[in-house]
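Chain by chain, the residues run as shown.
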Amino acid sequence: MKLDEKLEPIYQDVLKRNPGETEFHQAVLEVLESLGPVVVKHPEYLERKIIERICEPERQIIFRVPWQDDKGQVHINRGFRVEFNSALGPYKGGLRFHPSVYLGIIKFLGFEQIFKNSLTGLPIGGGKGGSDFDPKGKSDDEIMRFCQSFMTELYRHLGEHTDVPAGDIGVGGREIGYMFGQYKRIVNRWEAGMLTGKGLKWGGSLVRTEATGYGATFFIDEALKVRKDSFKGKTCLVSGSGNVAIYTIEKIHQLGGKCVACSDSGGVIYHEKGLDLDLIKQLKEVERRRIEDYVKYHKDAVYKKNGNIWEIPCQVAMPSATQNEINGKDAALLVKNGCIAVGEGANMPTTPEGVKVFLDAKTAYGPGKAANAGGVATSALEMQQNAQRDSWTFEFTEQKLAAIMSNIHNLCYETSAEYGAPGNYVLGANIAGFIKVADAMVAHGLV
Ligand code: GLU
């Protein structure tokens, strides 16, 4: 899609003001490309410079995180929290611990989060944070010391009505526990709603662990329903083997599909008769091992070191690892091999060339900001339970998640149809997500 001539200078300005932040540029361009028809309909957004404002984070925090390893060696990492937009609620979004993290990654994630959170229909603004700390190979004690040091700076920016982090890549229940403990110790308050993804015994919500994967599967299930189709009998690929991948596989299997492959940064597991999810959970969640060990337990499965999962023929692909993991070639191969639906559990896993291939092929393509919104939506449900000092059952919470995902799907579909491209969920998600935030910003005046 071409950028509207009124939006081009705004994009050029983003490039100039944020040099070298390629992932952020990519995320901004993808949204601006959808907004051409919106600013024609709503000239007030241009007059009030809503788009320029939305592209500029409200606040960016960068800080030093010193910590000591088990041998007493000192290490220095960099911590980030980008508080992007609070028009709809307190900043909300995860923390990512990964060596690839730098400001450009956190800003792309924070920017996406604004629209994703808007689509959930729940009162949450957009933010994201993290560190270039690499949790791989670290002991439990090292993780704890790092989390404590990270929170010792970050705590002053957080609060249930201000900014509410959660997990993302490299941050799960264990890390959230250590960060919650340190926050509580510093502020001397047991403030449940300042962090989500908490343990079930201390303020967490049932279904939060499963929510991103379940939600992405629900979204694609809705998209398949529009085509009078379902997951039954479908061969599926799920990249990654972390929390999002695991619960995507679980829900697909519950809905009658068969996942034949998953992966990690080392390689791909292919198991033609269907993945053994209990084994994957044991290896990844309990023992924190690499996915290559899967073949030690299943002689008929294959491990391909540095393999490309997208070469395996499938009908449904669920990229659930990381950004830009499907390029134009991979997308073309998927389509050629018969893939009819793609649901993004990860954030921005498809490159712009890949997205174009899926849209041209009329693939049921659910972009991350719509398809993976179930995670943050369930975080907002966790906040609701915390505010009520209540905890809901698994069934009740899952029903709420399913209803939210169905609403997001329908909102994106109806918006895509309203703007003349029914079934283009990229357009639908960007426009619907944007308008709600833009209208709130207009109502709040020049702030
Ligand atoms: N990191 C997740 C996301 O990308 C979840 C954020 C949250 O629960 O706040 O949406």
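Structure's up top.
Residues numbered from 1 in each chain as written. Predicted model: local features only at pLDDT ≥ 70, side-chain atom pairs only at ≥ 80, totals over all residues. Heavy atoms only, no water.

(A) Just the packing of aromatic side chains, in detail. Enumeration over the complete set of coordinates arrives at 21 aromatic pairs. With centroids separated by 5.0 Å and ring planes inclined at 75 degrees, the aromatic side chains of phenylalanine 111 and phenylalanine 115 adopt a geometry described as edge-to-face. Taken as a pair, phenylalanine 111 and phenylalanine 115 lie in helix 6 (residues 103–119) at a separation of four residues, close to a single helical turn. The pair formed by phenylalanine 111 and phenylalanine 115 is uniform in burial state, with each residue classed as buried. Among the aromatic residues, those joined into a cluster by ring pairs are Phe63, Trp67, Phe97, Phe133, Phe146 and Phe150. Sitting over the face of the ring of phenylalanine 133, lysine 138 holds its NZ or CZ atom 5.4 Å from the ring centroid. In this structure, lysine 251 packs its charged tip against the face of tyrosine 214, placed 4.4 Å from the ring centre. (Phe/Tyr/Trp six-rings, centres within 6.5 Å; stacked < 30°, edge-to-face > 60°. Helix = DSSP H or I, 4+ residues; strand = E, 2+ residues; numbered from the N terminus. Buried < 20%, exposed > 50% of the residue type's maximum accessible area, 1.4 Å probe, protein only. Lys NZ or Arg CZ within 6 Å of the ring centre and 35° of its normal.)

(B) Layout of the sheet that holds strand 8 (residues 267–270). With mixed pairing, seven strands are arranged side by side in an open sheet as 9-8-7-6-10-11-12. Every interior strand has two partners, whereas the edge strands, strand 9 (302–305) and strand 12 (364–366), have only one. Each strand of the sheet is rotated relative to its neighbour by a mean of 15 degrees, with strand direction disregarded. Relative to strand 11 (residues 341–343), strand 10 (residues 316–318) runs parallel, the two sharing two bridges. Counterpart to alanine 317 in the pairing with strand 11 is valine 342. (Pairing = 2+ DSSP bridges. Axes fitted to C-alpha atoms, helices over the stretch in contact; angles between N-to-C directions.)

(C) Structural view of the layout of surface pockets. One number sums up the size of the second largest pocket: a volume of about 500 Å³. Lining the second largest pocket are 24 residues, with Glu30, Glu33, Pro352, Val355 and Leu359 sitting closest to its centre. Listing elements by their share of the lining of the second largest pocket, those giving two or more residues are helix 2 (22–32), helix 14 (352–360), helix 15 (368–371) and helix 18 (425–444). A per-element tally of the lining of the second largest pocket places helix 14 first, with six residues. (1 Å grid on protein atoms, 1.4 Å probe; cavity = no way out; pocket = protein on both sides within 12 Å on 5 of 7 lines; lining within 4 Å. Points joined across faces, edges and corners; volume = space filled by probe spheres on them.)

(D) Structural context of the packing of helix 16 (residues 373–388) against helix 17 (residues 394–418). Relative orientation of the contacting elements helix 16 and helix 17 amounts to 130 degrees, with a least axis distance of 10 Å. Classed by the angle they form, the pair helix 16 and helix 17 counts as oblique. Crossing of helix 16 against helix 17: the hand is right-handed. Residue-level inspection shows Ala373, Gly374, Ala377, Thr378 and Leu381 of helix 16 in contact with helix 17, the latter providing Thr397, Lys400, Leu401, Ile404, Met405 and Ile408. Taken together, the residues of the contact of helix 16 with helix 17 break down into seven nonpolar, three polar and one charged. (Parallel < 35°, antiparallel > 145°, perpendicular 65-115°, else oblique. Left-handed = near helix turned anticlockwise from the far one by under 90°. Contact = heavy atoms within 4.5 Å. Nonpolar A, V, L, I, M, F, W, Y, C, P; charged D, E, K, R; others polar.)

(E) Fine view of helix 9 (residues 208–226). If you check helix 9, its first and last C-alpha atoms are 27 Å apart, about what 19 residues at 1.5 Å a residue would give, namely 27 Å. A bend of about 30 degrees at tyrosine 214 is the largest found in helix 9. By the criterion of burial, helix 9 is predominantly enclosed, with 16 of the 19 residues buried. Where helix 9 terminates, the next one or two residues include lysine 228, which has phi positive at roughly 55 degrees. (Expected span 1.5 Å × (residues − 1). Bend = angle between axes of the 7 residues up to and from the residue.)

(F) Local environment of the site of the ligand. The ligand sits among 14 residues. The nearest are Lys92, Lys116, Gly167, Asp168 and Ser379. Contact between the ligand and aspartate 168: a nitrogen atom at 2.8 Å from a side-chain N or O atom of the residue. The side chain of serine 379 places a nitrogen or oxygen atom 2.6 Å from an oxygen atom of the ligand. Taking 290 Å² as the accessible area of the ligand by itself, protein coverage stands at 94%. For the shell around the ligand, the elements supplying multiple residues, two or more each, are strand 3 (91–97), helix 6 and helix 16. Across the shell around the ligand, the residue classes break down as two nonpolar, seven polar and five charged. (Near = heavy atom within 4 Å. Polar contact = N/O pair within 3.5 Å; in protein donor to acceptor, adjacent residues only side chain to side chain. Areas by Shrake-Rupley, 256 points an atom, 1.4 Å probe, with all protein chains shown as cover.)

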